[in-house]
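Chain by chain, the residues run as shown.
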Amino acid sequence: MFTQEDGSFLHPGKVSDLFERLTEAVGLPPICLHDLRHVAATLMLAAGVGIKAVSETLGHLDTRITRGIYQSVLDDRARDAAEKVVQLVPHARKALAAVPDVVPQVDPASRLPRMAPPRKDDAAQQNRSA
C-alpha cells in the first residue's frame, strides 16, 4: 500500500501513472507495475529459489497458488534438470554380438509372398491329392 508523505491515502492509479511515466522517460519497454511482481517471482524460480520462499515472498497462503501461476517456469526448470541428468549418461552405444549394427540390404520383393492366383491345373491336382 502506498501513502502520501503525510500518511494519507494515495490512489493506486497515481502510482501506476508515475511508474508508466518513469519507464517511458528512461526508454524501457512498457510494463505494468504489477508485472514487476511476476518478473521477480520468475527470476527467483529461474535462479533456483525454493517454491516455499517464493510463495512467502509473494504473500501467497499456499505454495499451490504459486505453482498454479508459475507452472510454466517450474516446467522449464524440471526440463533443464532432466537435460542435465541426460548429459551424465554416456551417449555411445555398445554393439551387441547378437544384433549386427549394419542390417544387410534385402530386395523387398523377395520378402513378400508370391501373390499369384492358382492355376486351374494346380487347383485340380490339389483336389485329387486330398
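Below, the structure is looked at part by part. (Residues numbered from 1 in each chain as written. Predicted model: local features only at pLDDT ≥ 70, side-chain atom pairs only at ≥ 80, totals over all residues. Heavy atoms only, no water.)

1. Re the environment of His38
Right, on to step 1. Assignment of secondary structure puts His38 in helix α2 (residues 35-46).
Right, on to step 2. Assessed through its relative accessible area of 28%, His38 is described here as partly exposed.
Right, on to step 3. Along the backbone, His38 and Tyr70 are 32 residues apart, and their C-alpha atoms lie at a distance of 8.6 Å.
Right, on to step 4. Not counting the four nearest positions on each side in its chain, His38 is found in contact with Ile69 and Tyr70.
Right, on to step 5. Separated by 3.4 Å, the side chains of His38 and His34 make a polar contact. (Helix = DSSP H or I, 4+ residues; strand = E, 2+ residues; numbered from the N terminus. Buried < 20%, exposed > 50% of the residue type's maximum accessible area, 1.4 Å probe, protein only. Contact = heavy atoms within 4.5 Å. Polar contact = N/O pair within 3.5 Å; in protein donor to acceptor, adjacent residues only side chain to side chain.)

2. With respect to the pattern of salt bridges
Right, on to step 1. Evaluated as defined, the whole model comprises three salt bridges.
Right, on to step 2. Here Asp62 makes a salt bridge to Arg64, at a shortest N to O gap of 2.6 Å.
Right, on to step 3. Here Arg79 makes a salt bridge to Asp76, at a shortest N to O gap of 2.8 Å. On the criterion of helical spacing, the pair formed by Arg79 and Asp76 is a turn pair, its members being three residues apart in helix α5 (residues 71-88).
Right, on to step 4. Arg79 gets classed as partly exposed once you look at its relative accessible area, which sits at 46%.
Right, on to step 5. Given a relative accessible area of 38%, Asp76 falls into the partly exposed group. (Salt bridge = Lys/Arg side-chain N within 4 Å of Asp/Glu carboxyl O.)

Remember that the coordinates give geometry; whether it matters functionally is a separate question.
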